[in-house]
Amino acid sequence: MNISKTHRGRAAAALSLSAVLALTATACGDDGSGAGEEGSGKGEITFWDNNGGPRTAVWTEIIKDFEKKYPDIRVKYVPIPIADVQSKYDTAIAGGGLPDVGGVGTAYLSNIVSQEALEPVNDRLKESSLDGRLVESMVESVKVAGGRGEDMYTVPTSANNGALWYRTDLFEAANLEAPTTWAKFYEAADKLTDSKNNKFGYTIRGGAGSIAQAIDAVYGQSGITEFWDGDSTTLNDPENVAALEKYAALFKKATPAADVNNDFTKMVAQWDTGTIGMLSHNLGSYQDHLKALGKEKFAGIPNPVGDGGTRVQVSNPVDGLGMFRSGKNKTAAWKFIEFAASHESNSKWNESAGAIPANTEAAKDPWIGATEPTALGAKSLTDGSTKIVQLPYYLPDWNNISKADNEPEFQKLLLGKVTAKAFLDKIADELNAAQKEWKEIGNG
């Protein structure tokens, strides 16, 4: 029997956690479920930022504001690179050292919940100033992603949306229309490419995070709106295979060869400093583009519309703040979460990130309308013009299957070493097995 490294890793983490809980139960005389304490509401708490680096400056400002309001509480800020956050949490769950509060996205929320590391926040939220002031769709997303019915394990802080960034100056010079449809996208990718002079129509993500971008492009072109057909994924549907073949064929033909290794940081930097026509990335890179190019040289729009006249995109993770069961000062930890998700702080964070606020008051602030890509992204999610393919974030194996386990395979696809069908079939088989396992243990 073949056992995937994802399954082995999850089993090992669960085994290690069981051992720790068993020792705790022996020492404390209970089953370990009572770990942690409410605490005095004063002293130091530790906060892990799940996108350390890009968001360090704004978190530093929010923490400073928080400590001014609550002078008896100090926040120890720990920046965790986004690529390492899930492994950091898994390691800390197995061996100790979890923070009091941590940034947790829906893409890996279920993995942490399944290891019993997070504390439900439903009751605290009902008694909080945040009650009734969070975007309902984001609240629903974190509930679904947690996989425990109505239990809520994070307070949502933001949602992102995919955007197709394009150089308006280059499009105007080439007499091209905005890439609002996939047909116009491919036309522009070809026409803006002059590889001999290091000019390319598009930059494709080949490094970390590549699969999410590819899946978005695939469903956007095929027009398929459901991720599951019964208990089998539609990911390797023939229409999706054809879409991926066309998309991957852009590599080296209309993109730089270096793209095969590019994560989002390198890809964004390359687009901001070069002569590349288009870039697919979320709203979070808006400030980078603005600083590098100026407002007049670029624009961002939601994903192109398909041949059927409908925009289809995959669901984007909702970011949030979670409280860990093992925390020794949960009263102070909750004060920090409540403050960070409040109107002023949530607006400040999302304006910096170019994301869509979870706080309903923050979502009405003037900067939303003043930032066209964010306004368009928010509109596309709420006006019924976009069909959302809901990705199975609730699967404990989702994050591994859709990232590290198969990103090397995507690079092979770009390099012509595997076919689009073989690539999608492999991921589909793994997802179907994960879905079956998830249902067999009483879910779904």
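Residues numbered from 1 in each chain as written. Predicted model: local features only at pLDDT ≥ 70, side-chain atom pairs only at ≥ 80, totals over all residues. Heavy atoms only, no water.

Engineer: How would you explain the overall build of the protein chain if you had to name every residue and give the values?
Structural biologist: Assigned secondary structure in the protein chain consists of 19 helices and 14 strands. Here the C-alpha coordinates of the protein chain stretch approximately 70 × 55 × 35 Å along the principal axes. Going through the 444 residues of the protein chain one by one, you find that 53% of them count as buried. When the accessible surface of the protein chain is summed, it comes to about 19600 Å², and 51% of that surface belongs to carbon and sulfur atoms. Each charge class in the protein chain was averaged separately, 45 positive and 58 negative side chains, and the resulting centres sit 4 Å apart. (Helix = DSSP H or I, 4+ residues; strand = E, 2+ residues; numbered from the N terminus. Buried < 20%, exposed > 50% of the residue type's maximum accessible area, 1.4 Å probe, protein only. Areas by Shrake-Rupley, 256 points an atom, 1.4 Å probe, with all protein chains shown as cover. Lys, Arg positive; Asp, Glu negative; His and termini not counted. Charge placed at Lys NZ, Arg CZ, Asp CG, Glu CD.)

Engineer: Can you break down the packing of aromatic side chains residue by residue, with the values?
Structural biologist: Within this structure, the stated rule accounts for 26 aromatic pairs. Between Tyr286 and Phe298, the ring centres sit 5.9 Å apart and the planes meet at 55 degrees, which makes this aromatic pair tilted. You can see Tyr286 sitting in helix H12 (residues 286-293) and its partner Phe298 sitting in the loop between H12 and strand E10 (299-301), a full 12 residues away along the chain. We classify Tyr286 as buried; its relative accessible area is 9%. The exposure class assigned to Phe298 is buried, which follows from its relative accessible area of 6%. Each residue in the set Phe47, Trp59, Phe66, Tyr70, Tyr77, Phe336, Phe339 and Trp349 is aromatic and connected to the rest through ring pairs, giving one cluster. Here the guanidinium or amino end of Arg55 rests over the ring plane of Trp349, the centre of that ring lying 5.9 Å away. The side chain of Lys246 reaches across the aromatic face of Tyr186, ending 4.4 Å from its centre. (Phe/Tyr/Trp six-rings, centres within 6.5 Å; stacked < 30°, edge-to-face > 60°. Lys NZ or Arg CZ within 6 Å of the ring centre and 35° of its normal.)

Engineer: Tell me about the side chain of Arg55, and please be specific about residues and values.
Structural biologist: Note that Arg55 resides in the loop between strand E1 (43-49) and helix H2 (56-69). Although Arg55 is buried, it forms no salt bridge, and the closest oppositely charged side chain is Asp288 at an N-O distance of 6.4 Å. (Salt bridge = Lys/Arg side-chain N within 4 Å of Asp/Glu carboxyl O.)

Engineer: Can you lay out the sheet that holds strand E2 (residues 73-79) for me, pointing to particular residues and giving the numbers?
Structural biologist: The mixed open sheet is built from 6 strands, whose spatial order is E2-E1-E3-E12-E4-E13. At either margin of the open sheet sits one strand with a lone partner, and together these are E2 and strand E13 (356-357). The strands that H2 touches are E1, E2 and strand E12 (318-323); relative to E2, the one it contacts most, it runs at about 170 degrees. (Pairing = 2+ DSSP bridges. Contact = heavy atoms within 4.5 Å. Axes fitted to C-alpha atoms, helices over the stretch in contact; angles between N-to-C directions.)

Engineer: Give a description of the pattern of salt bridges that names residues and reports values.
Structural biologist: One pass over the structure, following the stated rule, counts 15 salt bridges. The shortest N-O distance in the salt bridge between Glu177 and Lys184 comes to 2.6 Å. Judged by relative accessible area, which is 52%, Glu177 ranks as exposed. The shortest N-O distance in the salt bridge between Lys421 and Asp425 comes to 2.7 Å. Taken as a pair, Lys421 and Asp425 lie in helix H19 (residues 420-440) at a separation of 4 residues, close to a single helical turn. For Lys421, a relative accessible area of 48% gives the class partly exposed.

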